[in-house]
Amino acid sequence: MQDAGLRGAYGALFAEVDAGGFGPPPQGQLSAEQIVAHLVANDELMIQASEALLAGSPFAYYELEEDIHRPQLDALAAEQGGLRGLTALLHGTSDRLCGLVDQLGLAAEAPVATHLREGFDLIVDEPLPWSRTLDLHERVHLPKHQAQLHMLRT
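This is a predicted model, so every value here is computed, not measured. (Residues numbered from 1 in each chain as written. Predicted model: local features only at pLDDT ≥ 70, side-chain atom pairs only at ≥ 80, totals over all residues. Heavy atoms only, no water.)

A. Geometry of the overall build of the protein chain. Along the protein chain, the regular secondary structure elements total five helices and three strands. In the protein chain, the succession of helices and strands from N to C terminus is α-α-β-α-α-β-β-α. Relative to a compact globule of 154 residues, whose C-alpha radius of gyration would be 15 Å, the protein chain shows 15 Å and is just as compact. With respect to the three principal axes, the spread of C-alpha positions in the protein chain is 45 × 25 × 25 Å. Burial status across the protein chain gives 46% buried among its 154 residues. If you take every contact in the protein chain between residues at least 6 apart in sequence, the share linking residues at least 24 apart comes to 75%. (Helix = DSSP H or I, 4+ residues; strand = E, 2+ residues; numbered from the N terminus. Rg over C-alpha atoms; globule rule 2.2 N^0.38 Å. Buried < 20%, exposed > 50% of the residue type's maximum accessible area, 1.4 Å probe, protein only. Contact = heavy atoms within 4.5 Å.)

B. Here's a closer look at the pairing of strand β2 (residues 111-118). Burial along β2 is one-sided: the residues V112, T114, L116 and E118 are buried and none of P111, A113, H115 and R117 is. Here β2 pairs with strand β3 (residues 122-129) via eight bridges, running antiparallel. Paired with V112 across the two strands is L128, which belongs to β3. (Pairing = 2+ DSSP bridges.)

C. Focus on the side chain of N42. With respect to the helices, strands and loops of the structure, N42 is situated in helix α2 (residues 32-54). With a relative accessible area of 0%, N42 lands in the buried category. When sequence neighbours within four positions are dropped, the list of residues in contact with N42 reads Y62, L64, H137 and H141.

D. The pattern of salt bridges, seen in detail. Considering all chains together, one arrives at five salt bridges under this definition. For the salt bridge of R153 with E16, the shortest nitrogen-to-oxygen distance reads 2.4 Å. Note that R153 is positioned in the segment after α5 (130-152) and E16 in helix α1 (residues 4-19), a separation of 137 residues in sequence. Across the pair R139 and D135 runs a salt bridge, and its minimum N-O distance is 2.5 Å. (Salt bridge = Lys/Arg side-chain N within 4 Å of Asp/Glu carboxyl O.)

E. Quick peek at the packing of aromatic side chains. The tally for this structure, following the rule as stated, stands at two aromatic pairs. Pairing Y62 with W130 gives two aromatic rings, centres 5.6 Å apart and planes at 70°, and the pair type is edge-to-face. On the criterion of sequence distance, the pair formed by Y62 in strand β1 (residues 61-65) and W130 in helix α5 is long-range, its members being 68 residues apart. Each of the two residues, Y62 as well as W130, counts as buried. (Phe/Tyr/Trp six-rings, centres within 6.5 Å; stacked < 30°, edge-to-face > 60°.)

F. Region of interest: helix α3 (residues 70-79). When α3 is considered as a whole, its buried residues turn out to be L73, L76 and A77. One side of α3 holds all its buried residues, which, seen down the axis, span an arc of 100°. Residues of α3 that are exposed and angled more than 90 degrees away from the buried face: P71, A78 and E79. Where the residues of α3 are buried, they touch α2 and α4 (83-103). (Arc of directions from axis to C-beta.)

G. Main features of α5. With 23 residues, α5 ought to run about 33 Å at 1.5 Å a step, and its terminal C-alpha atoms sit 31 Å apart, in line with that. Of all bends in α5, the biggest is about 40°, found at H137. (Expected span 1.5 Å × (residues − 1). Bend = angle between axes of the 7 residues up to and from the residue.)

Just geometry here; none of it tells us what the structure is for.
Structure below.
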């Protein structure tokens, strides 16, 4: 499995973040800082699953719920000093994830117990080949948050 598509999806997301000019979110939605913090948290979970597969673990899981991290997102944003620090952290986590993805080879086809819920448009609760979950991240998850960031631009 190659990481070129994944790196491209992150590149498009970073272009949106770098454009800046974000206003407050609509009621009940994530702010720009919370979106980037959410992506950092997600990367860390995907890194853990990828590392487990690379280590030959017979079992790996990936669990991400849309709102489960909201208090932690705010804490992470404060810890990193806001959007700029979060963006730097996301550059690091995304580079690390992409590097692992490039190493996966056949391990990318291993089933991973996946529980993922992002609104009504992305719901998974079943074992999936890890390559499929990574594909969802590249083609659905990252573009969804890129679009959210774009809508927050004032």
